Amino acid sequence: MEYIIHLIILFGIYGILALSLDLIVGFTGLLSLSHAAFYGIGAYAVAVLSTTYGMNFFVAALIGMSVAAVVALMIGFVLRKFKDDYYALASFGFNVIAVSIFLNWESITKGPLGIPGIKRPELFGFVFSTNTLYMILTLALFALTALFVWHITKSSFGRVLRAIREDEKALEVFGYRITRYKLAIYVISGALAALAGALYASYITYVDPSTFTANESIVILSMIILGGLASLRGAIVGAAILIALPEALRFVGLPMDVAAQLRQVIYGLILALLMLYRPKGMYGEYEMK
Amino acid sequence: MGIIPQIIANSIIAGAIYALVALGFNLIYRATNFFNLAHGAVSVVGGYIVFGLYRLLGLPLWIAIICGVLGSGVVGYVLEKILFLPLRKRKSSQMVLIVASLGAFTIIQAVIAIIFSSQFQTLFDSSMETKLYQIGGGIITQVQLIILIAALLIMGTLAWVKERTMFGKMVSAISDDAVVARIVGINTNKLIGRVFFIGSAIAGFAGIMIGFDTGLEPTMGMSLLMKGVIAAIVGGVGNIYGGVLGAFLLGFAENFGVWQVSGEWKDAIAFAILILFLIFRPKGILGKK
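Residues numbered from 1 in each chain as written. Chains lettered and ligands numbered in written order. Predicted model: local features only at pLDDT ≥ 70, side-chain atom pairs only at ≥ 80, totals over all residues. Heavy atoms only, no water.

A closer look at the overall build of chain A
The helix and strand tally for chain A stands at twelve helices and two strands. Beginning at the N terminus, the succession of helices and strands in chain A can be written as α-α-α-α-α-β-β-α-α-α-α-α-α-α. On the principal axes, the C-alpha backbone points of chain A span a range of 55 × 45 × 35 Å. Scored against the burial criterion, the 289 residues of chain A give a buried share of 61%. Contacts in chain A between residues at least 24 apart in sequence constitute 77% of all its contacts with a sequence separation of at least 6. Carbon and sulfur atoms make up 69% of the accessible area of chain A, which amounts to about 11800 Å² in all. Positive and negative charge centroids in chain A, built from 20 and 16 side chains respectively, lie 7 Å apart. (Helix = DSSP H or I, 4+ residues; strand = E, 2+ residues; numbered from the N terminus. Buried < 20%, exposed > 50% of the residue type's maximum accessible area, 1.4 Å probe, protein only. Contact = heavy atoms within 4.5 Å. Areas by Shrake-Rupley, 256 points an atom, 1.4 Å probe, with all protein chains shown as cover. Lys, Arg positive; Asp, Glu negative; His and termini not counted. Charge placed at Lys NZ, Arg CZ, Asp CG, Glu CD.)

A word on the packing of helix H9 (residues 220-235) of chain B against helix H10 (residues 240-260) of chain B
Residue and element names in this part refer to chain B. At a closest axis distance of 7 Å, the pairing of H9 and H10 adopts a crossing angle of 115 degrees. Classified by the angle their axes make, H9 and H10 are roughly perpendicular. Of the two possible hands of crossing, H9 and H10 adopt the one that is right-handed. When H9 is examined against H10, the residues Lys227, Ile230, Ala231, Ala232, Val234 and Gly235 are found in contact with a partner set consisting of Gly242, Gly243, Gly246, Ala247, Leu249, Leu250 and Glu254. (Axes fitted to C-alpha atoms, helices over the stretch in contact; angles between N-to-C directions. Parallel < 35°, antiparallel > 145°, perpendicular 65-115°, else oblique. Left-handed = near helix turned anticlockwise from the far one by under 90°.)

A look at the interface of chain A and chain B
Taken together, the contacts link 39 residues of chain A with 40 residues of chain B. When chain A packs against chain B, the two sides together hide about 3500 Å² of surface, and 78% of this comes from carbon and sulfur. Linking chain A with chain B are zero salt bridges. When contributions to the side of chain A that touches chain B are tallied by element, the ones reaching two or more residues are helix H4 (84-104), helix H10 (214-227) and helix H12 (256-277) of chain A. A total of 13 residues in the side of chain A that touches chain B trace back to one element, the largest contributor, which is H4 of chain A. Here the residues of the side of chain A that touches chain B sort into 27 nonpolar, eight polar and four charged. (Buried area = accessible area lost by both parts, 1.4 Å probe. Salt bridge = Lys/Arg side-chain N within 4 Å of Asp/Glu carboxyl O. Nonpolar A, V, L, I, M, F, W, Y, C, P; charged D, E, K, R; others polar.)

Functional significance is not addressed by these values, which are geometric in nature.
Take a look at the structure:
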């Protein structure tokens, strides 16, 4: 039972990551490979603020989200001119730089050793100490995120994003300030990824830079591509499958490191085979053009 | 002995290796117009084939190196035939091709890690005598000297092929206009297959050289690829001379940067350069060819 709860918590965290990445990749049509950087910012914010300063989880998470938003604003400003391959590459570059900072800013992040002993969240004296309680908290925040993302995609703001994806030039002719929309969605998405990071840090109670590499960005990308871009159902189902599928490998009895690598093989196969046979994914609304 | 000549020597060696990766990448980009992210993993394949044949099975070194180079070439060729060619035939977008190549990259990297473990390995063994050469105040090893000479030979040969042979001219024709090339009777797909083989073989050679110089790790493909891509973009994407120029520039910037800050920041420096170029001179130094 503990194990199922563990999987559900992971699903909630990755669900938030997948939904927020879909806002950029699926709805706006920009191939971002920087999501793990914001995930990491949220995780490190909670790790540092709650261990060194004893700050409350929820306050720390909000600060982490704000930091991620500010960083996203700056990175998004640089990325605003790029499209397709250059966008993918430059955003990837920011992820690499972020990991370098996690690794090297040792006075704050403790470098490769990471930060242990992160506390579980506490709200008005109530501590989310057991995993069951933590699962409820994670699922609640996941549901809030889903609702929020759903609201965005149904709003006029969401329609503009989709229009950017389909025909940026035409939209510009109608007088829309495209850069502002792109920046706004990048900031929102980054802040949501930071929320997932906060949940992760407080659940595992330990963070280190290796969790937030560009590989992780690729994993999240695989989730939304499998589920189908620009589909909330797709993002959620994709996250669920990619959390559950590799777990099946655990029961085959492979050594740990082989299982971890096989998991990578699965992610890679999913990406390559989907591109060959079904670029739309499971429930995709938008086929990458 | 001053430190500056040594840094210059190191920069040139790094530049030569990056140049080989960039050469292969640029060749493939010229013919197909997409960012082949699998290129980095293909490069690592070469190094590990040599590791397997030479260090584990004890075959003569020259046989192992030939097999390594050809092996990388074959992997690149097979990827083109089973993955990229079908996608191009379907007129898939750049995004689809990038994601597919990302999938291929992930698979190859994980398979290498499963076969050879994720541990750090070196091709260099104690039986090779380490001769040191002193050139203008900097010390370089025999291996590094061989890397440098081989890299220059490959660059020269490639330049000759490009300018003087029918093959080179046909590839240029494809990169200018694939449709017209086909109309005048060039078998574009056959040619692109060969380009993949040659480009991948050169990358494989680079992987082998790194195995001798610093050592092998399954995950080094991504950083290697990124150095190659950054060199290519800094010099001018698709421009093979630009790629070489960019590679040496990158080698110098990294090594001097590391001297000023610290070794851990190497990748971040490389990406900072990339992002600066993308913002201020996206066409690179020599422009796109």
